[in-house]
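Descriptive analysis of the structure
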Amino acid sequence: MRTTRRLFPLDGTLIASVLLGVLLFSPLWERGIPNTADGMLHLYRSTLWLNAWQEGVFWPRWHTALYLGYGYPLFNFYAPLLYVASSLLGLVLPSSEAAIKGVLLLTCIGYPLGMYLWARDLIGRVPAVVAAAAFAFATYRFRELFVQGNYAQFLAWGMGPWVLFTWRRLTLSSSRGAFLAAVASLTALLFVHNISAMLIAPVAAIYVLWQAVENRATRPWPRLVIGATCAVLM
């Protein structure tokens, strides 16, 4: 199997996978945040994180605006990637609402795109688009976006195919790009949602071990161990 192809070859199937993500996001083009169980909570926390940055606190641990003004050390233990990403967008977008919806747009695109890239390596381009559509439009996606609103968990499950894709590539290649992509994907998963990382990581570990055995001729074990160590240390 060839593994030297470009990561993002600009062809119709890749564009189709991106458009699937835009379609998944399309109800959110309307003004406002859906009235979900957790959506406004994440919007509020994102606003507080950006506020901490504006006050010169790069990594907030405690915020006095939490817990009815008594303060709460939420950011001491809750995985922060959703809030970091939305705050970065908040530096250039006009509102916290636009920033968190920007993160959701990128996440919605990441769902089918990550699945497409992983499946493309395994089954080819056209079947990969079918896999991308099935993954992006699973009913749980709609529940998470428009009923539950746990955006951190939604982002975390979108990371799953990226972890499988990048770590499979690392078993096949010792290139610097493959190593950095694998470490970045696993680090992002660990930083975005604690419980999701606990659920996805063991499955990913079994898959990567299988891929390492299948591709043992490439001698992947040292770079896999070093890559996993780097991600966990992060």
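Values in this document were obtained by computation on a predicted structure and should not be read as measured data.

Take the overall build of the protein next. Counting its regular elements, the protein contains 10 helices and zero strands. Order of helices (α) and strands (β) in the protein, N terminus to C terminus: α-α-α-α-α-α-α-α-α-α. Within the protein, the fraction of its 234 residues that count as buried is 49%. For the protein, long-range pairs separated by at least 24 residues make up 71% of all intrachain contacts whose partners lie at least 6 apart in sequence.

Okay, the nonpolar core next. One finds Leu 104, Tyr 116, Leu 145, Phe 154, Trp 167 and Leu 189 to be the most contacted residues of the largest nonpolar core, which totals 61 residues. The residues contacting Leu 145, other than those within four sequence positions of it, are Leu 24, Leu 28, Pro 34, Thr 36, Leu 104, Cys 108, Tyr 151 and Phe 154.

The residue Tyr 67 is not glycine, and still its phi comes out positive at about 55°. Along the chain, Tyr 67 falls in the loop between helix 2 (39-54) and helix 3 (81-90). The exposure class of Tyr 67 is exposed, given its relative accessible area of 57%. One non-glycine residue with positive phi stands out, namely Arg 219, at about 55°. Mapped onto the elements of the fold, Arg 219 is located in the loop between helix 9 (194-214) and helix 10 (221-233). Looking at Arg 219, the relative accessible area reads 69%, which means it is exposed.

With that out of the way, let us pick up the packing of aromatic side chains. Each aromatic ring pair is specified by the distance between its two centres and by the angle formed by the two planes. For the structure shown, the criterion picks out 15 aromatic pairs. Measuring from ring centre to ring centre gives 6.2 Å for Phe 137 and Phe 142, while their planes differ by 20°; the resulting arrangement is stacked. You can call Phe 142 partly exposed: its relative accessible area is 34%. Aromatic ring contacts, followed pair by pair, group Trp 49, Trp 53, Phe 58, Trp 59, Phe 75, Tyr 78, Tyr 83 and Phe 191 into a single cluster. The residue whose ring lies beneath Arg 45 is Tyr 78, and the NZ or CZ to ring-centre distance is 5.0 Å. In this arrangement the basic side chain of Arg 141 is found over the ring face of Phe 135, its NZ or CZ atom lying 4.4 Å from the centre.

What follows is about the pattern of salt bridges. Applying the stated rule across the entire model yields three salt bridges. Across the pair Asp 121 and Arg 169 runs a salt bridge whose closest N-O atoms are separated by 2.7 Å. Of this pair, Asp 121 sits in helix 4 (residues 96-123) while Arg 169 is found in helix 7 (residues 151-172), placing the two residues 48 residues apart along the sequence. There is no split in this pair, since Asp 121 and Arg 169 are both buried. What emerges from the salt-bridge pattern is a single network uniting Asp 121, Arg 168 and Arg 169.

Calculation criteria
- Residues numbered from 1 in each chain as written.
- Predicted model: local features only at pLDDT ≥ 70, side-chain atom pairs only at ≥ 80, totals over all residues.
- Heavy atoms only, no water.
- Helix = DSSP H or I, 4+ residues; strand = E, 2+ residues; numbered from the N terminus.
- Buried < 20%, exposed > 50% of the residue type's maximum accessible area, 1.4 Å probe, protein only.
- Contact = heavy atoms within 4.5 Å.
- Core = buried A, V, L, I, M, F, W, Y, C linked by side-chain atoms within 4.5 Å.
- Phe/Tyr/Trp six-rings, centres within 6.5 Å; stacked < 30°, edge-to-face > 60°.
- Lys NZ or Arg CZ within 6 Å of the ring centre and 35° of its normal.
- Salt bridge = Lys/Arg side-chain N within 4 Å of Asp/Glu carboxyl O.

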